Amino acid sequence: MSIWEYANPLKFLNWTTKVLPWVAGCAAVCVSVGLIWGFFFTPDDYRQGSTVKIIYLHVPAALMAINAWLMMLVASLIWLVRRHHVSALAAKAAAPVGVVFTLVALFTGAIWGKPMWGAYWAWDPRLTSFLILFLFYLGYMALWSAIEDADTAADLTSVLCMVGSVFALLSRYAVNFWNQGLHQGTSVPVATGERTVADVFFVPLLISMVGFGLMFLALVLLRTQTEIRKRRAAALIARETT
Amino acid sequence: MIALLRRDLRLAIRAGGGFGLALAFFLIVVVLVPFGVGADMAVLGRVAAGVLWTGAILACLLSLDRMFALDFEDGSLELLVTSPLPTEGIVLAKAAAHWITTGLPLSLAAPVLGILLNLPPHGAVWMVISLLVGTPALSIIGAFGAALTVGIKRGGLLLSILVLPMYVPTLIFGAEVARRGSEGVALGSSLVMLCAISLLAVGLLPFAASKVLRINLK
(Lines give C-alpha, C1' and ligand atoms only; values in the text may rest on other atoms or scores of the structure.)
Protein backbone atom coordinates (compact mmCIF):
# COMPACT_ATOMS: atom_id res chain seq x y z
CA MET A 1 0.00 0.00 0.00
CA SER A 2 1.70 3.15 -1.09
CA ILE A 3 0.57 6.72 -1.21
CA TRP A 4 0.61 6.61 -5.01
CA GLU A 5 -2.45 4.40 -5.03
CA TYR A 6 -4.53 7.43 -4.20
CA ALA A 7 -3.38 8.96 -7.48
CA ASN A 8 -5.45 6.43 -9.41
CA PRO A 9 -8.23 8.59 -10.93
CA LEU A 10 -11.04 6.38 -9.62
CA LYS A 11 -9.64 6.22 -6.09
CA PHE A 12 -8.89 9.91 -6.26
CA LEU A 13 -12.52 10.64 -7.10
CA ASN A 14 -13.67 8.38 -4.26
CA TRP A 15 -11.59 9.81 -1.47
CA THR A 16 -11.86 13.40 -2.58
CA THR A 17 -15.64 13.16 -2.71
CA LYS A 18 -15.54 12.05 0.91
CA VAL A 19 -13.00 14.65 2.02
CA LEU A 20 -14.18 17.61 -0.02
CA PRO A 21 -17.23 18.67 2.09
CA TRP A 22 -15.07 18.69 5.23
CA VAL A 23 -12.28 20.69 3.64
CA ALA A 24 -14.73 23.13 2.09
CA GLY A 25 -16.62 23.45 5.36
CA CYS A 26 -13.48 24.10 7.40
CA ALA A 27 -12.33 26.60 4.78
CA ALA A 28 -15.65 28.45 4.95
CA VAL A 29 -15.57 28.54 8.76
CA CYS A 30 -11.93 29.68 8.94
CA VAL A 31 -12.26 32.33 6.25
CA SER A 32 -15.47 33.76 7.72
CA VAL A 33 -14.17 33.69 11.30
CA GLY A 34 -10.84 35.20 10.25
CA LEU A 35 -12.37 37.92 8.11
CA ILE A 36 -15.27 38.84 10.41
CA TRP A 37 -13.06 38.82 13.49
CA GLY A 38 -10.44 40.78 11.61
CA PHE A 39 -12.79 43.33 10.11
CA PHE A 40 -15.13 43.99 13.02
CA PHE A 41 -13.51 42.89 16.28
CA THR A 42 -9.97 44.16 16.09
CA PRO A 43 -8.94 47.69 17.13
CA ASP A 44 -7.74 50.20 14.54
CA ASP A 45 -4.02 50.57 14.20
CA TYR A 46 -2.77 53.80 15.81
CA ARG A 47 -1.04 54.91 12.63
CA GLN A 48 -2.80 53.18 9.77
CA GLY A 49 -6.34 53.51 11.14
CA SER A 50 -8.85 51.04 9.79
CA THR A 51 -6.90 50.50 6.54
CA VAL A 52 -4.82 47.92 8.39
CA LYS A 53 -7.75 45.51 8.20
CA ILE A 54 -7.11 44.78 4.55
CA ILE A 55 -4.22 42.64 5.80
CA TYR A 56 -6.70 39.81 6.47
CA LEU A 57 -7.35 39.56 2.72
CA HIS A 58 -4.05 40.73 1.33
CA VAL A 59 -1.54 38.59 3.19
CA PRO A 60 -3.35 35.22 2.90
CA ALA A 61 -4.05 35.84 -0.79
CA ALA A 62 -0.42 36.71 -1.49
CA LEU A 63 0.75 33.70 0.50
CA MET A 64 -1.48 31.35 -1.44
CA ALA A 65 -0.62 32.95 -4.78
CA ILE A 66 2.99 31.89 -4.31
CA ASN A 67 2.14 28.53 -2.77
CA ALA A 68 -0.20 27.74 -5.65
CA TRP A 69 2.71 28.10 -8.06
CA LEU A 70 4.86 25.92 -5.81
CA MET A 71 2.13 23.29 -5.76
CA MET A 72 1.95 23.44 -9.56
CA LEU A 73 5.71 22.98 -9.70
CA VAL A 74 5.57 19.88 -7.49
CA ALA A 75 2.63 18.47 -9.43
CA SER A 76 4.46 19.08 -12.72
CA LEU A 77 7.52 17.27 -11.42
CA ILE A 78 5.39 14.31 -10.32
CA TRP A 79 3.79 14.22 -13.76
CA LEU A 80 7.14 14.27 -15.53
CA VAL A 81 8.65 11.60 -13.29
CA ARG A 82 5.77 9.25 -12.52
CA ARG A 83 3.20 10.10 -15.24
CA HIS A 84 0.18 10.24 -12.95
CA HIS A 85 -2.54 11.95 -14.94
CA VAL A 86 -4.21 13.29 -11.81
CA SER A 87 -1.05 15.18 -11.01
CA ALA A 88 -1.01 17.00 -14.35
CA LEU A 89 -4.70 17.77 -14.01
CA ALA A 90 -4.19 19.09 -10.49
CA ALA A 91 -1.52 21.48 -11.77
CA LYS A 92 -3.90 22.60 -14.49
CA ALA A 93 -6.68 23.04 -11.93
CA ALA A 94 -4.51 25.10 -9.58
CA ALA A 95 -3.47 27.74 -12.10
CA PRO A 96 -6.74 29.71 -12.36
CA VAL A 97 -7.11 29.62 -8.57
CA GLY A 98 -3.56 30.92 -8.18
CA VAL A 99 -4.10 33.68 -10.70
CA VAL A 100 -7.19 34.89 -8.83
CA PHE A 101 -5.24 34.97 -5.55
CA THR A 102 -2.51 36.95 -7.31
CA LEU A 103 -5.06 39.44 -8.58
CA VAL A 104 -6.68 39.72 -5.14
CA ALA A 105 -3.28 40.42 -3.59
CA LEU A 106 -2.45 43.02 -6.25
CA PHE A 107 -5.81 44.80 -5.99
CA THR A 108 -6.07 44.84 -2.20
CA GLY A 109 -2.49 46.08 -2.13
CA ALA A 110 -3.39 48.88 -4.53
CA ILE A 111 -6.44 49.85 -2.47
CA TRP A 112 -4.33 49.94 0.68
CA GLY A 113 -1.48 51.72 -1.07
CA LYS A 114 -3.53 54.75 -2.11
CA PRO A 115 -4.17 56.14 1.40
CA MET A 116 -0.90 54.83 2.88
CA TRP A 117 1.73 55.38 0.19
CA GLY A 118 -0.26 57.96 -1.76
CA ALA A 119 -0.25 55.85 -4.91
CA TYR A 120 -2.10 52.81 -6.20
CA TRP A 121 1.04 51.43 -7.73
CA ALA A 122 4.76 51.76 -7.15
CA TRP A 123 7.51 49.91 -8.99
CA ASP A 124 8.57 48.25 -5.79
CA PRO A 125 10.34 44.85 -5.95
CA ARG A 126 7.55 42.95 -4.23
CA LEU A 127 4.83 44.51 -6.32
CA THR A 128 6.79 44.11 -9.51
CA SER A 129 7.64 40.48 -8.91
CA PHE A 130 3.99 39.77 -8.16
CA LEU A 131 3.03 41.33 -11.45
CA ILE A 132 5.63 39.14 -13.16
CA LEU A 133 4.23 36.09 -11.36
CA PHE A 134 0.83 37.07 -12.74
CA LEU A 135 2.30 37.13 -16.27
CA PHE A 136 3.78 33.67 -15.76
CA TYR A 137 0.38 32.36 -14.67
CA LEU A 138 -1.16 33.86 -17.80
CA GLY A 139 1.41 32.23 -20.07
CA TYR A 140 0.98 28.88 -18.32
CA MET A 141 -2.79 28.94 -18.72
CA ALA A 142 -2.56 30.16 -22.31
CA LEU A 143 -0.29 27.24 -23.19
CA TRP A 144 -2.71 24.74 -21.61
CA SER A 145 -5.61 26.06 -23.63
CA ALA A 146 -3.65 26.29 -26.90
CA ILE A 147 -2.71 22.62 -27.22
CA GLU A 148 -5.32 20.09 -28.14
CA ASP A 149 -3.63 16.80 -27.26
CA ALA A 150 -3.95 16.39 -23.49
CA ASP A 151 -0.70 14.51 -22.84
CA THR A 152 1.39 16.84 -24.98
CA ALA A 153 -0.19 19.81 -23.22
CA ALA A 154 0.63 18.29 -19.82
CA ASP A 155 4.24 17.63 -20.85
CA LEU A 156 4.82 21.07 -22.31
CA THR A 157 3.19 22.97 -19.47
CA SER A 158 5.17 20.95 -16.94
CA VAL A 159 8.46 21.93 -18.56
CA LEU A 160 7.24 25.51 -18.84
CA CYS A 161 6.33 25.50 -15.15
CA MET A 162 9.82 24.34 -14.19
CA VAL A 163 11.68 26.76 -16.45
CA GLY A 164 9.22 29.50 -15.52
CA SER A 165 9.89 28.94 -11.82
CA VAL A 166 13.59 29.52 -12.35
CA PHE A 167 12.93 32.71 -14.26
CA ALA A 168 10.30 33.90 -11.79
CA LEU A 169 12.77 33.43 -8.95
CA LEU A 170 15.50 35.13 -10.96
CA SER A 171 13.17 38.05 -11.65
CA ARG A 172 12.40 38.29 -7.95
CA TYR A 173 16.06 38.93 -7.16
CA ALA A 174 16.68 40.98 -10.29
CA VAL A 175 13.97 43.49 -9.37
CA ASN A 176 15.45 43.71 -5.88
CA PHE A 177 18.63 44.89 -7.51
CA TRP A 178 16.77 47.18 -9.89
CA ASN A 179 14.73 49.27 -7.51
CA GLN A 180 14.70 49.89 -3.80
CA GLY A 181 11.60 48.82 -1.97
CA LEU A 182 8.69 50.69 -0.49
CA HIS A 183 6.84 47.60 0.69
CA GLN A 184 7.41 46.70 4.33
CA GLY A 185 9.26 43.53 5.19
CA THR A 186 7.45 40.43 6.29
CA SER A 187 5.51 40.75 9.52
CA VAL A 188 5.73 37.06 10.33
CA PRO A 189 9.31 35.90 9.73
CA VAL A 190 9.22 32.15 10.00
CA ALA A 191 12.97 31.71 10.40
CA THR A 192 13.57 34.00 13.35
CA GLY A 193 10.25 33.51 15.09
CA GLU A 194 9.98 37.21 15.87
CA ARG A 195 7.02 39.08 14.60
CA THR A 196 6.05 42.69 14.45
CA VAL A 197 2.30 42.12 14.59
CA ALA A 198 0.55 42.24 17.94
CA ASP A 199 -1.50 39.22 19.04
CA VAL A 200 -4.80 41.08 18.58
CA PHE A 201 -4.12 41.29 14.87
CA PHE A 202 -2.14 38.11 14.53
CA VAL A 203 -4.66 35.51 15.69
CA PRO A 204 -7.38 36.42 13.18
CA LEU A 205 -4.70 36.76 10.51
CA LEU A 206 -3.48 33.25 11.23
CA ILE A 207 -7.04 31.88 11.07
CA SER A 208 -7.57 33.69 7.80
CA MET A 209 -4.32 32.27 6.41
CA VAL A 210 -5.35 28.73 7.35
CA GLY A 211 -8.76 29.40 5.83
CA PHE A 212 -7.26 30.56 2.55
CA GLY A 213 -5.04 27.49 2.46
CA LEU A 214 -8.03 25.21 2.96
CA MET A 215 -10.04 27.17 0.43
CA PHE A 216 -7.26 26.65 -2.12
CA LEU A 217 -7.18 22.94 -1.33
CA ALA A 218 -10.95 22.62 -1.69
CA LEU A 219 -11.02 24.52 -4.98
CA VAL A 220 -8.15 22.52 -6.43
CA LEU A 221 -9.70 19.20 -5.43
CA LEU A 222 -13.03 20.23 -6.91
CA ARG A 223 -11.48 21.49 -10.13
CA THR A 224 -9.34 18.35 -10.45
CA GLN A 225 -12.48 16.23 -10.07
CA THR A 226 -14.11 18.27 -12.79
CA GLU A 227 -11.10 17.80 -15.08
CA ILE A 228 -11.12 14.03 -14.50
CA ARG A 229 -14.84 13.82 -15.25
CA LYS A 230 -14.40 16.04 -18.30
CA ARG A 231 -11.70 13.78 -19.63
CA ARG A 232 -13.81 10.71 -18.92
CA ALA A 233 -16.75 12.24 -20.76
CA ALA A 234 -14.49 13.03 -23.72
CA ALA A 235 -13.27 9.41 -23.74
CA LEU A 236 -16.86 8.13 -23.69
CA ILE A 237 -17.82 10.37 -26.58
CA ALA A 238 -14.77 9.25 -28.53
CA ARG A 239 -15.73 5.62 -27.95
CA GLU A 240 -19.33 6.23 -29.04
CA THR A 241 -18.42 7.99 -32.26
CA THR A 242 -15.89 5.45 -33.52
CA MET B 1 26.05 21.49 -36.45
CA ILE B 2 28.16 23.98 -38.38
CA ALA B 3 26.45 22.84 -41.56
CA LEU B 4 23.05 23.40 -39.97
CA LEU B 5 24.12 26.83 -38.81
CA ARG B 6 25.33 27.69 -42.32
CA ARG B 7 22.11 26.43 -43.85
CA ASP B 8 19.97 28.50 -41.50
CA LEU B 9 22.05 31.59 -42.11
CA ARG B 10 21.84 31.13 -45.87
CA LEU B 11 18.08 30.64 -45.64
CA ALA B 12 17.69 33.74 -43.52
CA ILE B 13 19.74 35.89 -45.88
CA ARG B 14 18.36 34.61 -49.16
CA ALA B 15 14.74 34.57 -48.04
CA GLY B 16 15.16 38.25 -47.23
CA GLY B 17 14.04 39.82 -44.02
CA GLY B 18 16.60 37.97 -41.91
CA PHE B 19 19.03 40.76 -41.22
CA GLY B 20 16.91 43.55 -42.61
CA LEU B 21 13.56 43.08 -40.97
CA ALA B 22 14.69 43.02 -37.34
CA LEU B 23 16.93 46.04 -37.90
CA ALA B 24 14.20 47.99 -39.65
CA PHE B 25 11.81 47.17 -36.81
CA PHE B 26 14.40 48.29 -34.27
CA LEU B 27 14.86 51.57 -36.17
CA ILE B 28 11.12 52.19 -36.30
CA VAL B 29 10.67 51.56 -32.56
CA VAL B 30 13.47 54.00 -31.80
CA VAL B 31 12.02 56.60 -34.18
CA LEU B 32 8.56 56.26 -32.63
CA VAL B 33 9.75 56.93 -29.09
CA PRO B 34 10.46 60.69 -29.52
CA PHE B 35 6.99 61.12 -31.02
CA GLY B 36 5.62 59.51 -27.88
CA VAL B 37 7.64 61.20 -25.16
CA GLY B 38 8.52 64.48 -26.90
CA ALA B 39 11.67 65.74 -28.56
CA ASP B 40 13.36 67.05 -25.39
CA MET B 41 16.95 65.87 -25.79
CA ALA B 42 17.61 65.74 -22.03
CA VAL B 43 14.66 63.45 -21.44
CA LEU B 44 15.59 61.27 -24.41
CA GLY B 45 19.16 60.95 -23.20
CA ARG B 46 17.92 59.69 -19.84
CA VAL B 47 15.65 57.02 -21.28
CA ALA B 48 17.88 56.11 -24.28
CA ALA B 49 19.47 53.02 -22.73
CA GLY B 50 16.13 51.59 -21.65
CA VAL B 51 14.46 52.34 -24.96
CA LEU B 52 17.26 50.71 -26.94
CA TRP B 53 17.10 47.60 -24.77
CA THR B 54 13.31 47.35 -24.98
CA GLY B 55 13.48 47.89 -28.74
CA ALA B 56 16.13 45.18 -29.06
CA ILE B 57 13.97 42.74 -27.10
CA LEU B 58 10.94 43.41 -29.27
CA ALA B 59 13.02 43.09 -32.44
CA CYS B 60 14.39 39.76 -31.19
CA LEU B 61 10.84 38.53 -30.68
CA LEU B 62 9.93 39.31 -34.26
CA SER B 63 11.63 36.39 -35.98
CA LEU B 64 11.34 33.84 -33.16
CA ASP B 65 8.21 32.09 -34.35
CA ARG B 66 9.93 31.12 -37.61
CA MET B 67 12.87 29.52 -35.83
CA PHE B 68 11.41 26.00 -35.82
CA ALA B 69 8.03 26.49 -37.48
CA LEU B 70 9.28 26.52 -41.09
CA ASP B 71 11.27 23.32 -40.65
CA PHE B 72 8.40 21.77 -38.71
CA GLU B 73 5.94 22.41 -41.52
CA ASP B 74 8.02 20.91 -44.32
CA GLY B 75 9.15 17.98 -42.17
CA SER B 76 12.86 18.71 -42.16
CA LEU B 77 12.79 19.22 -38.40
CA GLU B 78 11.88 15.56 -37.91
CA LEU B 79 14.77 14.53 -40.13
CA LEU B 80 17.08 16.74 -38.11
CA VAL B 81 15.92 15.25 -34.81
CA THR B 82 16.38 11.70 -36.08
CA SER B 83 19.87 12.55 -37.37
CA PRO B 84 22.91 11.62 -35.25
CA LEU B 85 23.21 15.25 -34.14
CA PRO B 86 21.84 15.59 -30.58
CA THR B 87 18.67 17.68 -30.34
CA GLU B 88 20.47 20.04 -27.96
CA GLY B 89 22.91 20.74 -30.78
CA ILE B 90 20.08 21.55 -33.18
CA VAL B 91 18.62 23.99 -30.67
CA LEU B 92 22.00 25.61 -30.15
CA ALA B 93 22.64 25.91 -33.89
CA LYS B 94 19.21 27.41 -34.48
CA ALA B 95 19.63 29.85 -31.61
CA ALA B 96 23.09 30.80 -32.87
CA ALA B 97 21.70 31.46 -36.34
CA HIS B 98 18.97 33.59 -34.79
CA TRP B 99 21.55 35.51 -32.79
CA ILE B 100 23.76 36.16 -35.80
CA THR B 101 20.84 37.43 -37.83
CA THR B 102 19.23 39.56 -35.09
CA GLY B 103 21.22 39.95 -31.87
CA LEU B 104 24.54 40.74 -33.50
CA PRO B 105 23.30 43.34 -36.01
CA LEU B 106 21.10 44.89 -33.32
CA SER B 107 24.08 45.28 -30.98
CA LEU B 108 26.16 46.87 -33.70
CA ALA B 109 23.38 49.18 -34.84
CA ALA B 110 22.46 50.31 -31.32
CA PRO B 111 25.09 53.09 -31.01
CA VAL B 112 24.02 54.58 -34.35
CA LEU B 113 20.42 54.66 -33.21
CA GLY B 114 21.68 55.91 -29.85
CA ILE B 115 22.67 59.16 -31.59
CA LEU B 116 19.01 59.71 -32.44
CA LEU B 117 18.18 59.38 -28.74
CA ASN B 118 21.04 61.54 -27.49
CA LEU B 119 22.90 58.63 -25.93
CA PRO B 120 26.26 59.97 -24.65
CA PRO B 121 29.35 58.61 -26.52
CA HIS B 122 30.82 56.72 -23.57
CA GLY B 123 27.39 55.21 -23.04
CA ALA B 124 27.46 53.79 -26.57
CA VAL B 125 30.39 51.54 -25.69
CA TRP B 126 28.51 50.06 -22.73
CA MET B 127 25.38 49.80 -24.81
CA VAL B 128 27.19 47.60 -27.34
CA ILE B 129 28.83 45.52 -24.61
CA SER B 130 25.59 44.97 -22.71
CA LEU B 131 23.73 44.00 -25.89
CA LEU B 132 26.51 41.69 -27.06
CA VAL B 133 26.51 39.93 -23.70
CA GLY B 134 22.75 39.92 -23.23
CA THR B 135 21.33 39.07 -26.66
CA PRO B 136 22.58 35.44 -26.70
CA ALA B 137 20.37 34.88 -23.64
CA LEU B 138 17.46 36.42 -25.52
CA SER B 139 18.01 34.10 -28.48
CA ILE B 140 18.24 30.92 -26.42
CA ILE B 141 15.26 31.81 -24.20
CA GLY B 142 13.40 32.57 -27.41
CA ALA B 143 14.45 29.19 -28.80
CA PHE B 144 12.87 27.53 -25.77
CA GLY B 145 9.66 29.49 -26.35
CA ALA B 146 9.69 28.68 -30.06
CA ALA B 147 10.18 24.99 -29.29
CA LEU B 148 7.19 25.11 -26.90
CA THR B 149 4.86 26.62 -29.47
CA VAL B 150 6.13 24.87 -32.60
CA GLY B 151 3.08 22.63 -33.02
CA ILE B 152 0.53 25.40 -32.51
CA LYS B 153 -1.00 27.16 -35.46
CA ARG B 154 -0.59 30.92 -35.17
CA GLY B 155 1.45 30.48 -32.02
CA GLY B 156 3.14 33.86 -32.47
CA LEU B 157 1.06 35.71 -29.91
CA LEU B 158 1.28 32.87 -27.41
CA LEU B 159 5.03 32.79 -27.97
CA SER B 160 5.36 36.43 -26.98
CA ILE B 161 3.24 35.91 -23.85
CA LEU B 162 5.47 33.00 -22.83
CA VAL B 163 8.81 34.54 -23.70
CA LEU B 164 8.49 38.16 -22.63
CA PRO B 165 8.17 37.49 -18.86
CA MET B 166 11.30 35.35 -19.11
CA TYR B 167 13.14 38.27 -20.68
CA VAL B 168 12.64 40.37 -17.55
CA PRO B 169 15.88 39.49 -15.69
CA THR B 170 18.00 39.92 -18.82
CA LEU B 171 16.34 43.25 -19.55
CA ILE B 172 16.81 44.49 -15.99
CA PHE B 173 20.52 43.75 -15.84
CA GLY B 174 21.19 44.67 -19.47
CA ALA B 175 19.48 48.03 -19.24
CA GLU B 176 21.18 48.61 -15.89
CA VAL B 177 24.63 48.09 -17.42
CA ALA B 178 23.78 50.42 -20.29
CA ARG B 179 22.24 53.06 -18.01
CA ARG B 180 25.08 53.07 -15.52
CA GLY B 181 27.55 53.13 -18.39
CA SER B 182 25.92 56.14 -19.98
CA GLU B 183 25.70 57.99 -16.66
CA GLY B 184 29.30 57.14 -15.94
CA VAL B 185 28.68 55.56 -12.52
CA ALA B 186 30.25 52.32 -11.30
CA LEU B 187 28.74 49.22 -12.89
CA GLY B 188 28.48 47.27 -9.68
CA SER B 189 27.53 43.66 -10.12
CA SER B 190 25.16 44.29 -13.02
CA LEU B 191 27.56 43.26 -15.79
CA VAL B 192 28.60 40.14 -13.89
CA MET B 193 24.97 39.19 -13.37
CA LEU B 194 24.21 39.77 -17.05
CA CYS B 195 27.07 37.48 -18.03
CA ALA B 196 25.86 34.89 -15.54
CA ILE B 197 22.33 34.92 -16.96
CA SER B 198 23.63 34.57 -20.51
CA LEU B 199 25.99 31.73 -19.65
CA LEU B 200 23.42 29.84 -17.60
CA ALA B 201 20.77 30.26 -20.27
CA VAL B 202 23.09 29.07 -23.03
CA GLY B 203 24.30 26.20 -20.87
CA LEU B 204 21.02 24.89 -19.50
CA LEU B 205 18.11 25.94 -21.68
CA PRO B 206 19.08 23.82 -24.73
CA PHE B 207 18.26 20.74 -22.63
CA ALA B 208 14.80 22.03 -21.76
CA ALA B 209 14.22 23.21 -25.33
CA SER B 210 15.25 19.87 -26.85
CA LYS B 211 13.04 17.99 -24.39
CA VAL B 212 10.14 20.17 -25.45
CA LEU B 213 10.98 19.72 -29.15
CA ARG B 214 10.97 15.95 -28.80
CA ILE B 215 7.61 16.06 -27.04
CA ASN B 216 6.21 18.15 -29.86
CA LEU B 217 7.52 15.80 -32.53
CA LYS B 218 6.31 12.64 -30.79
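Computed from a predicted model, the values in this text were never measured in an experiment.

Overview of the overall build of chain A
And step 1. A tally of regular secondary structure across chain A gives 6 helices and 0 strands.
And step 2. Going from the N terminus to the C terminus, chain A shows its helices and strands as α-α-α-α-α-α.
And step 3. Dimensions along the principal axes, computed over C-alpha positions, put chain A at roughly 70 × 40 × 35 Å.
And step 4. When the 242 residues of chain A are sorted by exposure, 43% land in the buried category.
And step 5. For chain A, the proportion of contacts with a sequence separation of at least 24, taken over those separated by at least 6, is 78%.

Things to note about the packing of helix 4 (residues 125-146) of chain A against helix 8 (residues 156-166) of chain B
And step 1. It is the contact of helix 4 of chain A with helix 8 of chain B, at a shortest axis distance of 9 Å, that shows an interaxial angle of 150°. Here helix 4 of chain A is positioned roughly antiparallel relative to helix 8 of chain B, judged by the angle of their axes. The hand of the helix 4 of chain A/helix 8 of chain B crossing is left-handed. Of helix 8 of chain B, the residues touching helix 4 of chain A (which contributes Leu135(A), Phe136(A), Gly139(A), Tyr140(A), Ala142(A), Leu143(A) and Ala146(A)) are Leu158(B), Ile161(B), Leu162(B), Pro165(B) and Met166(B).
And step 2. Class assignment for the residues of the contact of helix 4 of chain A with helix 8 of chain B results in 11 nonpolar, 1 polar and no charged.

Focus: helix 3 (residues 85-117) of chain A
Residue and element names in this part refer to chain A.
And step 1. For helix 3, with 33 residues, the first-to-last C-alpha span of 46 Å sits near the 48 Å given by 1.5 Å per residue.
And step 2. At alanine 95, helix 3 shows its maximal bend, which comes to roughly 25°, and the proline proline 96 appears one to four places after that position.
And step 3. Two residues or fewer after helix 3 comes glycine 118, characterised by a positive phi angle close to 85°.

Some points on the packing of aromatic side chains
Residues and elements named next belong to chain A.
And step 1. Across all of its chains, the model carries 8 aromatic pairs over all chains by this definition.
And step 2. With 5.6 Å between their ring centres and 75° between their planes, phenylalanine 12 and tryptophan 15 make a pair best called edge-to-face. A residue pair is termed a helical-turn pair when its members lie 3 or 4 positions apart in one helix, as phenylalanine 12 and tryptophan 15 do in helix 1 (residues 9-40) at 3 residues.
And step 3. Taking the relative accessible area as the measure of exposure, phenylalanine 12 reaches 7% and is therefore buried.

So, the interface of chain A and chain B
And step 1. Every contact between the two is made by 23 residues of chain A and, on the other side, 25 residues of chain B.
And step 2. Counting the surface lost from both chain A and chain B, the interface buries some 2,100 Å², and carbon and sulfur atoms represent 86% of this.
And step 3. Three residues stand out in chain A for area buried against chain B, namely Leu156(A), Phe167(A) and Phe177(A), and they jointly supply 28% of the buried area on that side.
And step 4. Summed over the shared surface of chain A and chain B, the number is 0 salt bridges.

Here's the deal with unusual backbone geometry
And step 1. The backbone phi angle of Arg83(A) is positive, close to 55°, even though this residue is not glycine.
And step 2. If you trace the backbone, Arg83(A) turns up in the loop between helix 2 (55-82) and helix 3.
And step 3. Residue Arg83(A) is classed as partly exposed on the basis of its relative accessible area, which comes to 37%.
And step 4. Positive phi, normally seen in glycine, also occurs at Asn118(B), with a value near 65°.
And step 5. Checked against the element boundaries, Asn118(B) lands in the loop between helix 6 (87-116) and helix 7 (121-148).

So, the layout of surface pockets
And step 1. The volume enclosed by the second largest pocket comes to roughly 600 Å³.
And step 2. Together, 21 residues line the second largest pocket, and Trp178(A), Thr54(B), Leu171(B), Ile172(B) and Ala175(B) are the ones closest to its centre.
And step 3. When residues of the lining of the second largest pocket are traced back to their parent elements, those giving at least two are helix 4 and helix 5 (150-178) of chain A together with helix 3 (41-62), helix 8 and helix 9 (168-183) of chain B.
And step 4. Looking at side-chain class alone, the lining of the second largest pocket contains 15 nonpolar, 3 polar and 3 charged residues.

Considering the confidence of the model for chain B
And step 1. Of the residues in chain B, 98% have a pLDDT of 70 or more, and the chain-wide mean is 86.
And step 2. Predicted complex metrics record ipTM = 0.86 and pTM = 0.88.

Some details on a nonpolar patch on the surface
All names here are of chain A.
And step 1. The grouping of Val29, Val33, Ile36, Trp37, Phe40, Phe41 and Val203 at the surface amounts to a nonpolar patch, some 680 Å² of accessible area in total.
And step 2. Top contributing element to the nonpolar patch by residue count: helix 1, with 5 residues.
And step 3. With respect to the helices and strands, the residue valine 33 is situated in helix 1.

Description of helix 1 (residues 2-14) of chain B
All names here are of chain B.
And step 1. Helix length check: helix 1, at 13 residues, gives a terminal C-alpha distance of 18 Å against a target of 18 Å (1.5 Å per residue), a fit within 8%.
And step 2. Those residues of helix 1 that sit buried are Leu4, Leu5, Asp8, Leu9 and Ala12. Buried residues of helix 1 fall within an arc of 135° about the axis and therefore sit on the same side. Relative to its buried face, helix 1 has exposed residues pointing more than 90 degrees away, namely Ile2, Ala3, Arg6 and Arg14.
And step 3. Among the structural elements, helix 5 (76-82) and helix 6 are those in contact with the buried residues of helix 1.

Overview of the state of the cysteines
All names here are of chain A.
And step 1. A full pass over the atoms with the stated rule returns 0 disulfides over all chains.
And step 2. Cysteine 26 provides the cysteine sulfur closest to cysteine 30, a residue in no disulfide bond, and the two sulfurs are 6.3 Å apart.
And step 3. Using a relative accessible area of 18% as the deciding quantity, one classes cysteine 30 as buried.

Points about the packing of helix 2 of chain A against helix 3 of chain A
Residues and elements named next belong to chain A.
And step 1. Contact geometry for helix 2 and helix 3: axes closest at 7 Å, N-to-C directions at 160°. The angle between helix 2 and helix 3 places the two elements in the roughly antiparallel class. Between helix 2 and helix 3 lies a crossing of left-handed hand.
And step 2. Its residues placed into classes, the contact of helix 2 with helix 3 shows 19 nonpolar, 8 polar and no charged.

Let's talk about the environment of Ala196(B)
Residue and element names in this part refer to chain B.
And step 1. Within the secondary structure, alanine 196 is located in helix 10 (residues 190-217).
And step 2. Alanine 196 sits in the partly exposed class, given a relative accessible area of 30%.
And step 3. C-alpha of alanine 196 to C-alpha of glycine 134: the two residues are 62 residues apart in sequence and 9.7 Å apart in space.

Criteria and thresholds
- Residues numbered from 1 in each chain as written.
- Chains lettered and ligands numbered in written order.
- Predicted model: local features only at pLDDT ≥ 70, side-chain atom pairs only at ≥ 80, totals over all residues.
- Heavy atoms only, no water.
- Helix = DSSP H or I, 4+ residues; strand = E, 2+ residues; numbered from the N terminus.
- Buried < 20%, exposed > 50% of the residue type's maximum accessible area, 1.4 Å probe, protein only.
- Contact = heavy atoms within 4.5 Å.
- Axes fitted to C-alpha atoms, helices over the stretch in contact; angles between N-to-C directions.
- Parallel < 35°, antiparallel > 145°, perpendicular 65-115°, else oblique.
- Left-handed = near helix turned anticlockwise from the far one by under 90°.
- Nonpolar A, V, L, I, M, F, W, Y, C, P; charged D, E, K, R; others polar.
- Expected span 1.5 Å × (residues − 1).
- Bend = angle between axes of the 7 residues up to and from the residue.
- Phe/Tyr/Trp six-rings, centres within 6.5 Å; stacked < 30°, edge-to-face > 60°.
- Buried area = accessible area lost by both parts, 1.4 Å probe.
- Salt bridge = Lys/Arg side-chain N within 4 Å of Asp/Glu carboxyl O.
- 1 Å grid on protein atoms, 1.4 Å probe; cavity = no way out; pocket = protein on both sides within 12 Å on 5 of 7 lines; lining within 4 Å.
- Points joined across faces, edges and corners; volume = space filled by probe spheres on them.
- pLDDT = per-residue confidence, 0-100.
- Patch = residues over 30% accessible without salt bridge, like charges linked within 9 Å, V, L, I, M, F, W, Y side chains within 5 Å.
- Areas by Shrake-Rupley, 256 points an atom, 1.4 Å probe, with all protein chains shown as cover.
- Arc of directions from axis to C-beta.
- Disulfide = S-S within 2.5 Å.

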